[in-house]
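A structural walkthrough
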Amino acid sequence: MKKKDVLCTGKAKSVYYTDDDKKLILHFRNDTSAFDGEKIEKLARKGEVNNKFNAFIMQKLEEAGIPTHFEELISDEESLVKKLDMFPIECVVRNIAAGSLCKRLGVEEGIEVSPPIFEFFLKDDALHDPMINEYHIQSFGWAKPEDVVAMQELTFKVNTVLKKLFADCGLLLVDYKLEFGRFGDQIVLGDEFTPDGCRLWDAETRKKLDKDRFRQGLGGVVEAYEEVASRLGVKLS
Ligand SMILES: Nc1ncnc2c1ncn2[C@@H]1O[C@H](COP(=O)(O)OP(=O)(O)OP(=O)(O)O)[C@@H](O)[C@H]1O
Ligand SMILES: [Mg+2]
């Protein structure tokens with residue numbers, strides 16, 4: 001597979017065309033950003049850890065019947081994926097209150113929410129990714145009603161699969177963000193599932209093992225990602 005021109009450079013990944021017009025290469029860089037790109041740092045090894053973490057999770061989701069864009073690992077920091085027509089939407093599920101939910105609603109961090117909460121956000125850094133609902137999505141044509149239903153169903157299915165996967169290695173899946181796209185007539189999970197886009201706490205100590213370590217300046221960011229990877233059995237070099 002030949003790497004061609006860059007399609008886009010995001011805050012953490014660069015996306016390249018390939019000689020197959022249905023496939024892209026995702027390059028997971030060491031760049032780490034928070035607060036809509038206000039805080040940016042390069043963290044050694046993060047690209048490789050996230051690339052391999054994502055590959056592991058996407059394969060687990062495929063095995064559970066969730067269609068994903070993941071095709072194969074092609075280097076330490078790169079994966080081959082299906083080229084999706086991405087929806088400009090983020091799908092979030094929360095099992096435990098944390099982050100913006102606590103700020104917005106004044107609820108205490110750490111309380112379990114039952115049933116889990118589903119939220120949509122508009123992918124727009126300039127607007128700070130505002131929260132939206134099904135009406136905004138339909139009225140502004142960001143996705144069709146049936147796509148909205150499919151994204152919600154798939155996002156909850158991911159919760160069932162991953163809550164158990166993480167629980168089995170002593171971790172709490174606090175919340176996570178997913179991005180979907182269209183591949184032909186199928187709705188497919190795209191982007192990434194890594195500790196950059198979810199919250200994971202040690203089940204006993206509630207130690208944070210995700211990007212909140214970076215946001216809150218707690219240190220040991222990549223070390224925490226590597227600990228989660230090692231508990232899951234992700235092979236790193
Ligand atoms: N399979 C795919 N096909 C097409 N685009 C994809 C695919 N997977 C991910 N992308 C897009 O590639 C970009 C990845 O870069 P990155 O995650 O670094 O972006 P970002 O800075 O977070 O910006 P964004 O706010 O757009 O996510 C994202 O815009 C994402 O939606
Ligand atoms: Mg992103």
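Structure: above.
Computed from a predicted structure; not experimentally measured. (Residues numbered from 1 in each chain as written. Chains lettered and ligands numbered in written order. Predicted model: local features only at pLDDT ≥ 70, side-chain atom pairs only at ≥ 80, totals over all residues.)

**Some thoughts on the overall build of the chain**
When you go through the chain residue by residue, the secondary structure sums to six helices and 15 strands. For 237 residues, the compact-globule formula gives about 18 Å, and the C-alpha radius of gyration of the chain, at 17 Å, lands near that figure. If one aligns the C-alpha atoms of the chain with their principal axes, the spans along those axes are about 50 × 45 × 35 Å. Taken across its 237 residues, the chain has 35% of its residues classed as buried. (Helix = DSSP H or I, 4+ residues; strand = E, 2+ residues; numbered from the N terminus. Rg over C-alpha atoms; globule rule 2.2 N^0.38 Å. Buried ≥ 20, exposed ≤ 12 C-beta atoms within 10 Å, placed from the backbone.)

**Brief notes about helix H6 (residues 221-232)**
Given a rise of 1.5 Å per residue, 12 residues ought to cover 16 Å, and the 17 Å separating the end C-alpha atoms of H6 matches this to within 8%. Listing the buried residues of H6 in full gives Val221, Val222, Ala224, Tyr225, Glu226, Val228 and Ala229. Against the buried residues of H6 lie helix H1 (46-63), strand E12 (171-178), strand E15 (198-202) and helix H5 (212-215). Positive phi shows up at Gly233, right after H6, with a value of about 95°. (Expected span 1.5 Å × (residues − 1). Contact = placed C-beta atoms within 7 Å.)

**With respect to the site of ligand 1**
Around ligand 1, 19 residues are found, and the nearest of them are Gly10, Lys11, Lys13, Leu84 and Gly190. Taken together, the elements giving at least two residues each to the shell around ligand 1 come down to strand E2 (13-18) and strand E7 (78-82). Classifying every residue of the shell around ligand 1 by side-chain character gives seven nonpolar, four polar and eight charged. Looking at which domains feed residues into the shell around ligand 1, each of domain 1 (3-82) and domain 2 (85-219) supplies at least three. (Near = placed C-beta within 6 Å. Nonpolar A, V, L, I, M, F, W, Y, C, P; charged D, E, K, R; others polar. Domains from an automatic or database assignment.)

**Observations regarding the sheet that holds strand E1 (residues 3-9)**
With respect to topology, five strands assemble into an open sheet ordered E1-E2-E3-E7-E6, the strand pairing being antiparallel. Whereas interior strands pair on both sides, the edge strands pair on one side only; in this sheet they are E1 and strand E6 (70-75). Sheet twist, expressed as the mean angle between neighbouring strand axes with direction ignored, is 30°. Sheet topology note: the E2/strand E3 (residues 23-28) ladder contains five bridges and is antiparallel. Bridge pairing in E3 links Ser14 to His27. Seen against the sheet, H1 touches E3, E6 and E7 and runs at an angle of roughly 150° to E6. (Pairing = 2+ DSSP bridges. Axes fitted to C-alpha atoms, helices over the stretch in contact; angles between N-to-C directions.)

**Quick notes on the packing of H1 against H6**
Following both chains from N to C, one finds H1 and H6 inclined at 30°, their axes separated by 10 Å at the closest point. Here H1 lies roughly parallel to H6, going by the angle between them. In this structure, the crossing between H1 and H6 has a hand that is left-handed. Side by side, H1 and H6 meet where Lys46, Val49, Lys52, Phe53 and Phe56 of the first sit next to Val222, Tyr225, Glu226, Ala229 and Leu232 of the second. Residues that form the contact of H1 with H6 fall into these classes: seven nonpolar, no polar and three charged. (Parallel < 35°, antiparallel > 145°, perpendicular 65-115°, else oblique. Left-handed = near helix turned anticlockwise from the far one by under 90°.)

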